Amino acid sequence: RLIFFPLKPDQFTPTYWIDMGAVAITTLAGATLIQHLSDNAIFSGFLPFLKGVSLLGWAVGTWWIPLIVLLEVWRFRAPSISLNYNPQRWSMVFPLGMYTVCTWRLSEALQMPALQLIARGFIYLALVGWGLTFLGMCLGMFRPGVAHDASQATPGRS
C-alpha cells in the first residue's frame, strides 16, 4: 500500500508499527529455534537456513524503523494531525520492545555481540515510548471535553 497508492497523513496510523513488530516476532522465533536445534542432529541441516531467514527478518525490521519514523514525522507536519493521545499509540510500544528482545536473542543465537549494543540502546527507546504513551493516556483521561469513546479511537473508520 505504501508503494502503490498515494498516502494522506491521516491514513498513516500507528498500526503500521505492527508490521515491524511482526518481523521482530519472526526473528525471535528463528533465534529461539537456532538456539534449541543446534544440539539436534536431525534438524542441524536447517540451521543455515534458519540463520539466514532470521537475519533477513531482523534486517527488514531494522530497515522498517527509520521508514516509519520518517512517516510519523511527515504525518505530524500536516495541520489536521495533532499530538493528542490516541489508543492506537499503544500499537507502537509493543513492536519497540519486541525489536529489542529479538535483537538481543539473535545476537546470542548467532554469537554476534555487536547486536547487543543495538538492543541495549533500543531498550531505552522502548521505555521512553512506553512512558510517553502512558503519560499521554493519563493526561488524556483528565482533559475536560475529550471523548473517551472507543469508537473514536480510529478516525475515519466505522
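Every chain begins its residue count from 1, and numbering advances along the sequence as written. Local features in a predicted model are, by the rule used here, given only for residues with pLDDT of at least 70; side-chain atom pairs are given and counted only at 80 or more, and totals for whole chains, interfaces and linings are based on all residues. Side-chain metrics rest on all non-hydrogen atoms present in the structure, leaving aside hydrogens and water.

Account for the packing of helix 1 (residues 17-37) against helix 3 (residues 90-109), with residues named and values stated.
Geometrically, a packed helix pair is captured by the angle between its two axes and the distance between the axes. Convention adopted: a line fitted to C-alpha atoms gives each axis, helices being fitted over their contacting stretch, and angles between N-to-C directions are expressed from 0 to 180 degrees. Comment: elements are numbered from the N terminus, with helices defined as DSSP H or I runs of at least four residues and strands as E runs of at least two. Close contact between helix 1 and helix 3 brings their axes to 8 Å; oriented N to C, the two are set at 25°. It follows from the interaxial angle that helix 1 and helix 3 lie roughly parallel. Every pair of crossing elements has a handedness; the one defined by helix 1 and helix 3 is left-handed. Note on residue categories: nonpolar means Ala, Val, Leu, Ile, Met, Phe, Trp, Tyr, Cys or Pro, charged means Asp, Glu, Lys or Arg, and polar means any other residue, Gly included. Classifying every residue of the contact of helix 1 with helix 3 gives 18 nonpolar, 4 polar and 2 charged. When describing relative orientation, an angle under 35 degrees is termed roughly parallel and one over 145 degrees roughly antiparallel, while 65 to 115 degrees is termed roughly perpendicular and anything else oblique. By the definition used in this description, the sense in which the near helix is turned from the far one sets the handedness, with an anticlockwise turn below a right angle giving left-handed and a clockwise turn giving right-handed.

Before we move on, can you summarise the packing of helix 2 (residues 47-76) against helix 3 with the specific residues and values?
Running from N to C, helix 2 and helix 3 cross one another at 145°; their axes reach a closest spacing of 11 Å. Read as a crossing pair, helix 2 and helix 3 show a hand that is left-handed. Each of S54, L55, W58, G61, T62, I65 and E72 in helix 2 lies in contact with helix 3, whose residues at this interface are M92, Y99, C102, T103 and L106. Broken down by class, the residue content of the contact of helix 2 with helix 3 amounts to 7 nonpolar, 4 polar and 1 charged. The contact criterion used throughout is that any non-hydrogen atoms of two residues lie within 4.5 Å.

Describe helix 4 (residues 114-141), listing the residues and the values that go with them.
Since one α-helical turn is 3.6 residues long, residues separated by three or four positions face the same way. To estimate the expected span of a helix, count its residues, drop one, and scale the result by 1.5 Å. In this model, helix 4 (28 residues) spans 42 Å end to end at C-alpha, consistent with the 40 Å of a helix rising 1.5 Å per residue. Accessibility here uses a 1.4 Å probe with only protein chains present; expressed as a share of the type maximum, an area under 20% marks a residue as buried, one over 50% as exposed, and anything in between as partly exposed. Taken together, the buried positions of helix 4 are occupied by L115, Q116, A119, F122, A126, G129, T133, G136 and G140. Where helix 4 is buried, its residues meet helix 2 and helix 3.

Give a detailed account of the nonpolar core, specifying residues and quantitative values.
Within soluble globular proteins, side chains that are nonpolar tend to cluster in buried spots. Counting residues in each nonpolar core, the largest one holds 28 residues, and the members touching the most others are M20, I68 and Y99. Counting only elements with at least two residues in this core, the list comes to helix 1, helix 2, helix 3 and helix 4. In these notes, a set of buried Ala, Val, Leu, Ile, Met, Phe, Trp, Tyr and Cys residues joined through side-chain atoms within 4.5 Å is what counts as a nonpolar core.

Any chance you could break down the side chain of S107 for me, citing the residues and the numbers?
Tracing the backbone shows S107 in helix 3. According to the relative accessible area criterion, S107 is buried, its value standing at 3%. There is a polar contact of 3.3 Å between the side chain of S107 and the side chain of Q116. Apart from residues lying up to four places away in sequence, S107 is in contact with M112, L115 and Q116. Distance and chemistry together define a polar contact, namely a pair of N or O atoms within 3.5 Å, with one atom able to donate a hydrogen and the other to accept it when in protein, and with adjacent residues in sequence counting only for side-chain atoms on both sides.

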